[in-house]
Amino acid sequence: MRELIRNSIVFRSASAVLGVSFFIGILFSVASYIYFVDEEQDQTVNTVYDLLASLENTASIACYINDQNLANEVVNGLGRNADISQVSINVKGTILAELVKPTPPHHPSIATLFRKNINHIDRDISSPFNSSEKVCTVHMQINQDAVFEHSTSKARFVVALLLFQTVLIALALVYIMYRMVTNPIKSISDRLHTLLPQNGELLQHPHRHTGDELGQLVNDVNNIISDLVSSLDEERHLRVQHALGEKKFQAIFDNAETGIFQMNEHGELISYNQALARMLDLPTGQTIASHALLERISGQELRLHLMIHSAISEAQILSEDFYIELGQNKKKWLNIVLHAAENGVLQGLINDVTERKQQEEKAHQLAVTDHLTGLNNRLGLDREMARLAKENANGTGCPFFLLLIDLDKFKTVNDTYGHSAGDIVLVHFAKILLRTLRKTDFIARLGGDEFVLLLRGLDDLSKAEEIARKIISQASRRIDISPDTQVQIGTSIGISYTPATAFSPEDLLAQADAAMYEVKQHGRNAYQVAPYFPDDPAR
Ligand SMILES: Nc1nc2c(ncn2[C@@H]2O[C@H](COP(=O)(O)OP(=O)(O)OP(=O)(O)O)[C@@H](O)[C@H]2O)c(=O)[nH]1
């Protein structure tokens, strides 16, 4: 509390005014004191001279006629002056009259610094009849202490008056400052302490300060308060809106069927909703399974990291499908949509697209399947050949044999027994192929009675020839097209080969086709191996 008072503007301004006033007052008082002491001492000496002048004629007569009584009167007259301690009249070295007064002991003080050094006055007295003839000398000893005491008492009075005036002016100044400045400021400050702007309260103008600087200050503070209150109202309104938005988002986040998540730039989950936990088969609980997504898409992490990098660096919304396995026979396709939010945080959505993927797969399968035999069709072959060509070019492929098969005299079956009989033959032949080949081999019907086999991973021509022979043998057996009708067909096979190096699918097929054409030319129902030129740059 004492500290508060000491720091208050009222206390400090009053102290400053009083301090400055006293300093100036004391300065002027000291100057006035010195001046008055000096003046008074000069005045005293002048008075002594005046007194001597008034008695000079009497002294002149007393000396001239050598009248001791008259000289004593002059001496006593001069001696009545309190500032003279000793008077004597000397006539030609002889004292005619003398007065010596007892002097009190001298007490030195700091004030005596201003004392003038006037010891004595000697005055030559002229003859009453001839002013140029000196008849005697009057010697006066000055009582310096008396002169000084007399002078300082007057100066002290003046100084006291001056100090009193200073005190009065200082107090008046303090009072005026208190009434006009510090008290109004204090009342504004006290009001500000208890002001409740949210209740619409404003500062009041101090009494008689409406139009001056303090009035302006109050107006400005009120304007700031009003602006502040309206800003606070706006902010409160925004906060409410924000809270509502958050609630809505939280409801969507909790109840959405879509998985919603946040992840960091390393692919670690920061937060996710229930839908995502269900999709990834995560245990429900407080702990965030941060590595769950990376674990579930095992083997495709690089794709996710590339996606994260692009989302951040290109500020794009990216979408990709990922394949996950949740235990045995529980496979899912998830579509992940990702975009960078801020500070390396990414937001994303995950949808289960397993059904769509399955339909796509079905459609794809349908597109590459021969409807009659269930084998691959030409499109299927083209895609498979393109895939193998890419693998071989990348160095990740394998050698294989291509067998191009064309049934012999198939047209006759169609023409003799009808198209459906031809279909039975085609399906029968397809079954032979499926029976004869490994699961890893590829079988396609290009159309009509033309088939292609890809014996993958096979590097041994004798084995390819053995398979060709087996097919020819099995296909040559009679086929029942109805309980009482049988047909027999033959097969012509052209064989081409590629090692695990880059190859041209068209060339490989053309080589087999040429070999097969040779077989047709030379009696059919046999196989022919296309010549293999490992150094042929055209391969
Ligand atoms: N049944 C049936 N016949 C088809 C189908 N697609 C094409 N064909 C017929 O299959 C026949 C194939 O003709 P070719 O291979 O030229 O006749 P081919 O008698 O085998 O002659 P070579 O090969 O020289 O022995 C044509 O008659 C086509 O109409 C089909 O899906 N089903």
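Residues numbered from 1 in each chain as written. Predicted model: local features only at pLDDT ≥ 70, side-chain atom pairs only at ≥ 80, totals over all residues. Heavy atoms only, no water.

Counted according to the given criterion, the structure contains six aromatic pairs. Ring plane angle 35 degrees and centroid distance 5.8 Å describe the contact between F249 and F253, whose orientation is recorded as tilted. Within this pair, F249 and its partner F253 are both found in helix α5 (residues 213-255), separated by four residues, close to a single helical turn. Classification of F253 as buried rests on a relative accessible area of 11%. On the numbers, 5.4 Å between centres and 80 degrees between planes, the contact of F400 with F503 is edge-to-face. Taken together, the residues span a long stretch of sequence, with F400 in strand β10 (residues 400-408) and F503 in the loop between β15 (490-498) and α14 (505-521) at a distance of 103 residues. Accessibility assignment for this pair places F400 and F503 in one class, buried. The positively charged end of R303 is found above the aromatic ring belonging to F322, 4.2 Å away from the centroid. A cation over an aromatic ring shows up here: K357 above the ring of W333, its NZ or CZ 4.4 Å from the ring centre. (Phe/Tyr/Trp six-rings, centres within 6.5 Å; stacked < 30°, edge-to-face > 60°. Helix = DSSP H or I, 4+ residues; strand = E, 2+ residues; numbered from the N terminus. Buried < 20%, exposed > 50% of the residue type's maximum accessible area, 1.4 Å probe, protein only. Lys NZ or Arg CZ within 6 Å of the ring centre and 35° of its normal.)

This part is about the sheet that holds β10. By way of backbone hydrogen bonds, the strands of a sheet pair with one another, either parallel or antiparallel. Across the sheet, which stays open at both edges, the five strands sit in the order β11-β12-β10-β15-β16 with mixed pairing between neighbours. This sheet does not close on itself; its edge strands, each paired only once, are β11 (442-447) and β16 (527-529). For this sheet the average axis-to-axis angle between neighbouring strands, irrespective of direction, equals 20 degrees. Those strands touched by helix α10 (residues 378-394) are β10, β11, β12 (450-456) and β15, and its axis lies near 25 degrees from that of β12. The strands touched by helix α13 (residues 461-475) within the sheet are β10, β12, β15 and β16, with β15 carrying the most contacts at an inclination of about 165 degrees. (Pairing = 2+ DSSP bridges. Axes fitted to C-alpha atoms, helices over the stretch in contact; angles between N-to-C directions. Contact = heavy atoms within 4.5 Å.)

Around the ligand sit 16 residues in total, of which N414, H419, D423, R445 and K520 are the nearest. The separation between a nitrogen atom of the ligand and a polar main-chain atom of H419 is 2.8 Å. Considering the ligand on its own, with 660 Å² of exposed area, one finds that the protein chains cover 68% of that surface. Taken together, the elements giving at least two residues each to the shell around the ligand come down to β10, α11 (410-417) and α12 (419-436). Top element by residues in the shell around the ligand is α12. It accounts for four residues. Classifying every residue of the shell around the ligand gives three nonpolar, four polar and nine charged. (Near = heavy atom within 4 Å. Polar contact = N/O pair within 3.5 Å; in protein donor to acceptor, adjacent residues only side chain to side chain. Areas by Shrake-Rupley, 256 points an atom, 1.4 Å probe, with all protein chains shown as cover. Nonpolar A, V, L, I, M, F, W, Y, C, P; charged D, E, K, R; others polar.)

Let us now look at the environment of F451. With respect to the element layout, F451 can be found in strand β12. Take F451: its relative accessible area is 0%, and that puts it in the buried class. Beyond its immediate stretch of four places on either side in the chain, F451 contacts L375, L403, L404, I405, L407, L426, F429, L433, A444, R445 and L446.

Here we take up the UniProt feature "transmembrane region" (unreviewed entry) in the protein chain. Per the UniProt record, "transmembrane region" (unreviewed entry) is annotated on residues 9-36 and 157-178. The span residues 9-36 carries 100% helix and 0% strand; its end-to-end C-alpha distance comes to 39 Å. The span residues 157-178 carries 100% helix and 0% strand; its end-to-end C-alpha distance comes to 31 Å. (UniProt positions renumbered as here; feature names shortened; annotations may be inferred.)

Our next topic: the sheet that holds strand β5 (residues 259-264). The strand order across the open sheet built from five strands is β6-β5-β9-β8-β7, with neighbouring strands paired in antiparallel fashion. Across the chains shown, the open sheet's two edge strands, defined by having one partner strand only, are β6 (269-272) and β7 (318-325). Strand after strand, the sheet turns through a mean of 30 degrees between neighbouring axes, direction not considered. When β5 meets β6, the two strands line up antiparallel, connected through three bridges.

With that out of the way, let us pick up the pattern of salt bridges. A side chain of one charge can pair with a side chain of the opposite charge if their charged atoms are brought near each other. In this structure the tally under the stated criterion is 21 salt bridges. Close ionic contact of D321 with R356 constitutes a salt bridge, the shortest N to O distance being 3.4 Å. Taken together, the residues D321 in strand β7 and R356 in helix α9 (residues 354-367) connect sequence positions 35 residues apart. Note on D321: relative accessible area 18%, which makes it buried. Residues participating in the shared-partner salt-bridge network are D321, R356, K357 and E360. (Salt bridge = Lys/Arg side-chain N within 4 Å of Asp/Glu carboxyl O.)

Take N222: it is sitting in helix α5. With relative accessibility at 10%, the residue N222 sits in the buried group.

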